[in-house]
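# Inside the fold
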Amino acid sequence: MMSFDGAIRIKVYEQNLIDCFSFNVELFEQTNRWRIYVGESRNGAVIHDTESGHIVIAGATTFGKSNFLRMFIANLLHNKQGICI
Ligand SMILES: Nc1ncnc2c1ncn2[C@@H]1O[C@H](COP(=O)(O)OP(=O)(O)OP(=O)(O)O)[C@@H](O)[C@H]1O
Ligand SMILES: [Mg+2]
């Protein structure tokens, strides 16, 4: 048996999701240290702090998991310039 005491918030947007977002390495400027750029939401950039939470990368075959990991590592290297990791 499951129970849930909180409230579920549902947001309804008038615009469709965009089909394509052009990646630019300057997006990494929004991050530092272990905070990593994950992508764009309707409310702006999604930044994940790897020091304060876990992340799961999952998806169907060829949906971009490996590509995301490359971006993740590139972001870490960008933030750690001059420091051995
Ligand atoms: N963010 C992206 N934007 C545009 N195209 C992408 C993106 N990520 C991946 N692709 C395209 O999808 C292809 C597959 O991506 P990727 O290898 O990262 O998928 P995967 O989820 O790791 O696949 P698999 O499950 O086979 O390991 C890439 O070769 C690329 O052409
Ligand atoms: Mg892969």
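Every chain begins its residue count from 1, and numbering advances along the sequence as written. Labels follow written order: the first chain is A, the first ligand is 1, and so on. Under the rules for a predicted model, residues below a pLDDT of 70 receive no local features and side-chain atom pairs below 80 are neither given nor counted, while totals for whole chains, interfaces and linings still include all residues. Side-chain descriptors were evaluated using all non-hydrogen atoms of the structure, hydrogens and water having been removed beforehand.

Right, let's get into the overall build of the protein chain. The secondary structure listing takes helices from DSSP runs of H or I that are at least 4 residues long and strands from runs of E that are at least 2 residues long, numbered from the N terminus. Of regular secondary structure, the protein chain possesses one helix and two strands. For the protein chain, the succession of helices and strands along the chain, N to C, is β-β-α. The C-alpha radius of gyration of the protein chain comes to 16 Å, more than 25% above the 12 Å expected for a compact globule of 85 residues. Expressed as lengths along the three principal axes of its C-alpha atoms, the size of the protein chain is roughly 50 × 35 × 30 Å. Burial status across the protein chain gives 16% buried among its 85 residues. When contacts within the protein chain are restricted to residue pairs at least 6 apart in sequence, those whose partners lie at least 24 apart make up 43%. Separation between the mean location of the 8 positive side-chain charges and that of the 8 negative ones in the protein chain comes to 5 Å. Put simply, the radius of gyration uses C-alpha atoms, and a globule should come to 2.2 Å times the residue count raised to 0.38. Three labels apply to residues, based on accessible area from a 1.4 Å probe with only protein chains included: buried if under 20% of the type maximum, exposed if over 50%, partly exposed otherwise in between. Whether two residues are in contact is decided by their heavy atoms: any pair within 4.5 Å suffices. Charge convention: Lys and Arg are scored as positive, Asp and Glu as negative, and His as well as the terminal groups of each chain are ignored. By convention, charge coordinates are those of NZ in Lys, CZ in Arg, CG in Asp, or CD in Glu.

With that settled, consider the environment of F68. Here F68 lies in helix α1 (residues 65-79). Classification of F68 as buried rests on a relative accessible area of 16%. As for F68 and I57, which are separated by eleven residues in sequence, their C-alpha atoms are 8.4 Å apart. Setting aside chain neighbours within four positions, we find F68 in contact with V38, I55 and I57.

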